[in-house]
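Per-entry structural report
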Amino acid sequence: MVQSRRGWAAWEQDLDGHLGQWGSGSSCHCGPLCSASHRGPFYLLPPIHEVIHSRRGATTTLPCVLGTLPPSYKVRWSKVEPEELRETLILITNGLHAQGYGALGGRARMRKGHRLDASLVIAGVRLEDEGRYRCELINGIEDESVALTLRLEGVVFPYQPSRGRYQFNYYEAKLACEEQDGRLATYAQLYQAWTEGLDWCNAGWLLEGSVRYPVLTARAPCGGHGRPGIRSYGPRDRKRDRYDAFCFTSALAGQVFFVPGRLTLPEAHAACRRRGAMVAKVGHLYAAWKFSGLDQCDGGWLADGSVRFPITTPRPRCGGLPDPGVRSFGFPQPQQANYGTYCYSE
């Protein structure tokens, strides 16, 4: 929900009733900068790095530092959600006391490394935490803010269900990615994956609601000849139009391991349970390939009923393709006993 200053009134009054205000007793020696004629922001220092890189599960800090202290102020941290046309409040503080809001606010705190420090610390970073953040200083009737972007290291993978290509509307694609330990990729994430070698002809939904696909080698069956790049279908009807999905996932808290054998899908589930684990999801396998260098030249069942295997060192008898990647055998019959299984354990 978008929070207005009127919606924060009760909390601000409560803050003002506490022991004092952050910086009380300190004088502001900014000379002419403090004059009423000043119209530009000067209390908040511009960040040296506007993009902060992190991984899922990590603790990360979004820097926000004052150059000098106003006589009285508050700081609000919020997350900008452009695809949902809203800005979500995370935390508000007067320096002495702070209040968090929502799921992210429960994992966030002020760093307070020194009296000018208004930086936000987020613990246990999640996939949905990626995006734009705003540190806003409220000084009387004047506001000023700095914007930062939290970007997660991760991997993008195309995804379609067992019934074939182009089955998802936007909301089904979003749910499918979440079920595979991911979320719909953003355009920036797909572009990064393209620069790293992702070449895929099937169009898929992105988080912003657009439909695109990455092409490194232009060819007739893949949009025709021309320059390589991210081909776009533009914005589509989120309920009616149907495509595949491009999912994004990041580092794992646990590990993926292979159990050899000639197992059916039910036997694969039983084999993982005996080891205190679960059959791995597609996102688990991609993350293990990307971040742990998992290399296994054996097809194994995954939780969605597909059979795949990860290759970091390509070789002729291991899929035959020249580039690293996660290979797929598609979706065999669940009772087909030809494969091992990939398990995930935390």
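Refer to the structure presented above.
Residues numbered from 1 in each chain as written. Predicted model: local features only at pLDDT ≥ 70, side-chain atom pairs only at ≥ 80, totals over all residues. Heavy atoms only, no water.

Description of the nonpolar core
Of all hydrophobic cores here, the largest spans 75 residues; its most connected members are Leu62, Trp77, Leu120 and Tyr342. With 5 residues, the single largest contributor to this core is helix 6 (residues 282-292). Core analysis: the second largest hydrophobic core is formed by 7 residues, Leu263, Cys272, Val279 and Cys343 among them. (Core = buried A, V, L, I, M, F, W, Y, C linked by side-chain atoms within 4.5 Å. Buried < 20%, exposed > 50% of the residue type's maximum accessible area, 1.4 Å probe, protein only. Helix = DSSP H or I, 4+ residues; strand = E, 2+ residues; numbered from the N terminus.)

Points about the environment of Tyr43
Inspection of the secondary structure puts Tyr43 in the loop between helix 1 (9-16) and strand 1 (51-54). The class of Tyr43 is buried, set by a relative accessible area of 6%. For the pair Tyr43 and Val65, spaced 22 residues apart in sequence, the C-alpha separation works out to 8.6 Å.

Notes on the sheet that holds strand 6 (residues 108-110)
One open sheet holds the 3 strands; their spatial order is 2-7-6, and the pairing between them is antiparallel. A single partner strand is all that each edge strand has here, and the edge strands are strand 2 (60-62) and strand 6. Averaged over all pairs of adjacent strands, the angle between their axes in this sheet comes to 30°, without regard to strand direction. Summarising the sheet, strand 6 and strand 7 (residues 120-122) pair through 3 bridges and their orientation is antiparallel. What sits directly across from Ala108, in strand 7, is Ile122. (Pairing = 2+ DSSP bridges. Axes fitted to C-alpha atoms, helices over the stretch in contact; angles between N-to-C directions.)

Some points on the state of the cysteines
By definition, a disulfide is the covalent link that joins the sulfur atoms of two cysteine residues. Considering all chains together, one arrives at 5 disulfides under this definition. A sulfur-sulfur distance of 2.0 Å marks the disulfide that ties Cys201 to Cys222. Across the S-S bond linking Cys201 and Cys222, the dihedral sits near -130°, which makes this disulfide left-handed. Here the residue Cys201 occupies a position in the loop between helix 4 (187-195) and strand 12 (204-205), and Cys222 occupies one in the loop between strand 13 (210-215) and strand 14 (229-235), the gap between them amounting to 21 residues. Disulfide pairing is shown between Cys272 and Cys343; the S-S distance is 2.0 Å. For the disulfide bridge between Cys272 and Cys343, the dihedral angle about the S-S bond is near -85°, and by the sign convention the bridge is left-handed. In this pair, Cys272 is assigned in helix 5 (residues 265-274) and Cys343 in strand 21 (residues 339-345), connecting sequence segments 71 residues apart. Look at Cys272 and you get buried, because its relative accessible area is 0%. (Disulfide = S-S within 2.5 Å.)

Let's talk about unusual backbone geometry
Not every positive phi belongs to a glycine, and Lys112 is a case in point at roughly 55°. Residue position: Lys112 is located in the loop between strand 6 and strand 7. Note on Lys112: relative accessible area 43%, which makes it partly exposed. With phi around 55°, Tyr166 is a residue other than glycine that occupies positive phi space. Along the chain, the position of Tyr166 falls in the loop between strand 10 (154-159) and helix 3 (170-179).

Focus: the pairing of strand 9 (residues 142-152)
Each regular strand carries side chains that alternate between the two faces of the sheet. Note: strand 1 against strand 9, 4 bridges, orientation parallel. Note on strand 9: the bridge partner recorded for Ile52 is Leu150. Where strand 8 (residues 131-139) lies against strand 9, 9 bridges are found, and the strand directions are antiparallel. From the neighbouring strand, Ile138 faces strand 9, where its bridge partner is Asp143. Two successive antiparallel strands, strand 8 and strand 9, enclose a turn made up of 2 residues, where Gly140 displays a positive phi of approximately 70°.

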